[in-house]
Amino acid sequence: MNTDTPSQTPPYRNPDLPVEHRVADLLGRMTLDEKLAERDALQKEKEITANRLDRAGRLIAGLGGERARWEAAVADLDRDQRLSRDEFDAFQEDPEEEEAEE
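The structure displayed is predicted, hence computed values, not measured ones.

Participant: When you look at the overall build of the protein in this model, what are you seeing that I'm missing?
Facilitator: Of the regular secondary structure elements, the protein holds four helices and zero strands. Ordered by position from the N terminus, the helices and strands of the protein form the series α-α-α-α. Within the protein, the proportion of its 102 residues that are buried is 3%. For the protein, the exposed surface amounts to about 9,300 Å²; the carbon and sulfur share of it is 56%.

Here's what the structure looks like:
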């Protein structure tokens with residue numbers, strides 16, 4: 001039985017009331033079927049969230065060693081760059097070329 005007038009805000013929609021009062025009002029307005037449907041929807045959302053959390057945990061665990069691999073790759077690239085630079089410098093200082101220029 002709805003006793004709200006068109007200009008009156010139902011208690012469950014009044015943000016100035018305590019949450020407990022608002023929830024009690026809303027539950028009092030819902031049918032058993034609506035309550036069961038809401039419960040089922042919350043259960044489904046809980047399962048979806050649990051699955052997402054599980055997948056996120058596996059992803060994080062799988063990426064745990066990535067930092068070490070990336071650091072090793074950077075070190076290898078740095079070493080290769082130094083070697084290339086040393087080879088380039090050595091080529092530029094080739095004594096045979098210096099003799100040919102004289």
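Participant: Is there a simple way to explain the environment of N14 in this structure?
Facilitator: Here N14 is to be found in the segment before α1 (19-29). The exposure class assigned to N14 is partly exposed, which follows from its relative accessible area of 22%. Apart from the residues lying within four places of it in its own chain, the contact partners of N14 are T9 and R22.

Participant: Which parts of the structure should I look at to understand the side chain of D25?
Facilitator: Within the secondary structure, D25 is located in helix α1. Judged by its relative accessible area of 18%, D25 falls in the buried class. Side-chain polar atoms of D25 contact the backbone nitrogen of Y12, separated by 3.0 Å. Within polar-contact distance, the side chain of D25 engages the side chain of R29 at 2.8 Å. Discounting residues that sit within four places of it in the chain, D25 has contacts with P10, P11 and Y12.

Participant: What is the right way to read the pattern of salt bridges from this model?
Facilitator: Applying the stated criterion to the full structure yields eight salt bridges. Across the pair R67 and E71 runs a salt bridge, and its minimum N-O distance is 3.0 Å. With R67 and E71 both in helix α3 (residues 66-92) and four residues apart, the pair spans about one turn of that helix. On the basis of relative accessibility, which here comes to 61%, the residue R67 falls in the exposed class. On the basis of relative accessibility, which here comes to 46%, the residue E71 falls in the partly exposed class. D78 is paired through a salt bridge with R82; the nearest N and O atoms lie 2.6 Å apart. Of this pair, D78 and R82 are both found in helix α3, four residues apart, which corresponds to roughly one turn of the helix. By relative accessible area, D78 is classed as partly exposed at 36%. Under the relative-accessibility criterion, R82 is labelled partly exposed at 38%.

Participant: For this particular structure, what's the right way to read the confidence of the model for the protein?
Facilitator: Caution applies to low-pLDDT parts of the model: their predicted coordinates are not meant to be read in detail. Taken residue by residue, the protein gives an average pLDDT of 86. The fraction at 70 or more is 83%. At the low end of the mean pLDDT range in the protein sits helix α4 (residues 95-101), at 60; at the high end sits α1, at 97.

Parameters and conventions
Residues numbered from 1 in each chain as written. Predicted model: local features only at pLDDT ≥ 70, side-chain atom pairs only at ≥ 80, totals over all residues. Heavy atoms only, no water. Helix = DSSP H or I, 4+ residues; strand = E, 2+ residues; numbered from the N terminus. Buried < 20%, exposed > 50% of the residue type's maximum accessible area, 1.4 Å probe, protein only. Areas by Shrake-Rupley, 256 points an atom, 1.4 Å probe, with all protein chains shown as cover. Contact = heavy atoms within 4.5 Å. Polar contact = N/O pair within 3.5 Å; in protein donor to acceptor, adjacent residues only side chain to side chain. Salt bridge = Lys/Arg side-chain N within 4 Å of Asp/Glu carboxyl O. pLDDT = per-residue confidence, 0-100.

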